[in-house]
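Below are the chains, spelled out letter by letter.
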Amino acid sequence: MTQIEDLQGYRDGLARGELCCQLCEACGERQWPPRPACVHCRSFDLRWVVLPDSAALFTWTVVARTRLAGFEEKVPYAVGVLEYPEHELRLVGRLDTDPDRLEVGERFSWTVEPSVDGSPQPVWRPVAAGGAA
Amino acid sequence: MDADGGRACIVGIGQTELSRNSGRSITRLALEALLAAADDAGIDPVAIDGVVPYPDSVSAEDVIPVLGSPDVRFTAVAHMGGASSLAGLRLAALAVQSGQADYVAVFLARNASSVSRVDTRVRQLAGQAYRRELEYPHGMNTPAQWYALACRRHMHEFGTTREALGTVALTMRANAQRNPGAQMYGRELTMEQYLSAPVIADPYLKFDCCLETDGAAAVIVAREDRARDASGPVVRIEGIAEGHPDSADDMASRWDVFNTGLTKAAPRAFGLAGMAPSDVDIAFIYDCFTFEVIQQLEEAGFCGRGEGGPFVLDGSIAPDGSLPVNPHGGLLSEGHLTGMNHVVEAVRQLRRQVPDDRQVPGVETAAITGWGDMGDGALALLARA
Ligand SMILES: [Zn+2]
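Residues numbered from 1 in each chain as written. Chains lettered and ligands numbered in written order. Predicted model: local features only at pLDDT ≥ 70, side-chain atom pairs only at ≥ 80, totals over all residues. Heavy atoms only, no water.

Participant: Residue-level account of the sheet that holds strand β1 (residues 20–24) of chain A, with values.
Facilitator: Residue and element names in this part refer to chain A. Pairing within the open sheet is antiparallel, and its three strands lie in the order β2-β1-β3. This sheet does not close on itself; its edge strands, each paired only once, are β2 (30–31) and β3 (46–50). Sheet topology places β1 next to β3; five bridges connect them, and they run antiparallel. Bridging across to β3, C24 finds its partner in L46. (Pairing = 2+ DSSP bridges. Helix = DSSP H or I, 4+ residues; strand = E, 2+ residues; numbered from the N terminus.)

Participant: If you had to explain the UniProt feature "domain: Thiolase C-terminal" (unreviewed entry) in chain B to someone new, which residues and values would you point to?
Facilitator: Here, the residues flagged by UniProt with the feature "domain: Thiolase C-terminal" (unreviewed entry) are residues 250–376 of chain B. Along residues 250–376 of chain B one finds 35% helix and 9% strand; the C-alpha atoms at either end are 11 Å apart. (UniProt positions renumbered as here; feature names shortened; annotations may be inferred.)

Participant: Tell me about helix α2 (residues 60–67) of chain B, residues and numbers included.
Facilitator: All names here are of chain B. All of the buried residues along α2 are A60, V63 and L67. Down the axis of α2, the buried set is contained in an arc of 80°. They therefore lie on one face. The exposed set on the far side of α2, more than 90 degrees from its buried face, consists of E61, P65 and V66. Close packing links the buried residues of α2 with α1 (26–41), β2 (50–53), β3 (74–75) and β4 (104–111). (Buried < 20%, exposed > 50% of the residue type's maximum accessible area, 1.4 Å probe, protein only. Arc of directions from axis to C-beta. Contact = heavy atoms within 4.5 Å.)

Participant: Let's hear about the interface of chain A and chain B: which residues, and what values?
Facilitator: Facing 35 residues of chain A, the contacting portion of chain B comprises 34 residues. Carbon and sulfur atoms make up 59% of the area that chain A and chain B hide from each other, which totals about 3,100 Å². Here A:R35 and B:D249 are joined by a salt bridge, their closest N and O atoms 2.7 Å apart. Between the two partners, chain A and chain B, sit 15 residue pairs in polar contact (both at pLDDT 80 or more). Secondary structure elements with two or more residues in the side of chain A that touches chain B: α1 (8–15), β4 (54–63), β5 (77–84), β6 (89–95) and β8 (120–126) of chain A. No other element matches β4(A), which puts six residues into the side of chain A that touches chain B. Split into classes, the residues belonging to the side of chain A that touches chain B amount to 21 nonpolar, six polar and eight charged. With two bridges joining them, β4(A) and strand β5 (residues 199–202) of chain B adopt antiparallel strand pairing. Among the inter-strand pairings, A:V62 is bridged to a residue of β5(B), identified as B:D202. (Buried area = accessible area lost by both parts, 1.4 Å probe. Salt bridge = Lys/Arg side-chain N within 4 Å of Asp/Glu carboxyl O. Polar contact = N/O pair within 3.5 Å; in protein donor to acceptor, adjacent residues only side chain to side chain. Nonpolar A, V, L, I, M, F, W, Y, C, P; charged D, E, K, R; others polar.)

Below, the structure written as structure tokens:
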């Protein structure tokens, strides 16, 4: 029998062009990161739902040195933590913007695009700069 | 932490030189530190009947044949990243107090500079699926980057400054100038040099980041009644505890980002020891990065949350401050033996075995913090017996 990995639903979402988190059918809470069961009520009855288009920047770093394959030539680049306060969710995302002009609270929206290895991955751009708010 | 034969004590310490390239195997480094610790404890290595290695490195089985005990009774490994050194020390204390072993060696050996650097080592930490699928594709794969996120947020919430980070770096570097064994001995650092150094992961500049080191350190833990032959005064483990943050396998999603393992471990350790933060004479803070010193000073209770910046800026952590920190230079400037070198130096300071210019006067008690993985934490409180 094929084992279904805990992040399979996330991958499937990206393949459809969607950034998904888990929603618990038992208690109605959303959770991130994806887990085998709900951290709020321990139910295994989880499904995948698309995250809202935009989130607020909670914090960030600008990576100036890396040995990570595919990213060596991209430095300096910004990686942030994006926040959905309404769901108490925060997740890591690559910020496609000027790394010198970041501000906590700034709104970013995601799109799914081919990453350095060709796989579909979320990329976040400032909403004011024409993102899909 | 009383038991029939007295408290758990550190009765022996051993450490190799710290270098960029040891030129020998990690198993050999481990044995050098272990045999030095046995010698310091005044015991035959064959008496070591408990072995607690650091995770994902030299194992107990790798060192038992040379140590020579015919009957090792206790082994255990704590998987808490950099906090594993203190978590291992705690396992050793529990083992000797419960009579599961008489002499437990806790050790770490690594060729982290010459062989396995940090971006390869982190592939052994918790939550690998999250790292691989939810961070690497976005260009994030090192502790400097993870903790830079927490640092930036702390700057935003509490106004923590670049100068506060620099003060931590400069204090550790100045301390290393009194430690000929430090990797940064003879290499002073000015604020100007600190500020003009290249960015690693903003806000972290080069000198906000710890060293990569080859070397090994070991301590031997026994009950107080077995400590007679030790070379120096006995050092008691008055209280020791570990703690795990919420969402222990993922830092970015943690709702209270500053509530880490140490936040939970510290009150437990102080409670066990019957001590308060104000009773601590000297602190060894797990200084993997400058901001983590500020954060841990806060979460251990040496100052309030958000007050760590001003605390370091006013000189509190300097050798003549209210809470001298890392007089050996720490992971930032002595070397990075994942905090086992902090334990070794804490024992040396409590025994008054370091040169006068490095000895913090009148030290009776020491605190040591551990920090690892996604914010696992530990706190040990030691005292001269
Ligand atoms: Zn639920």
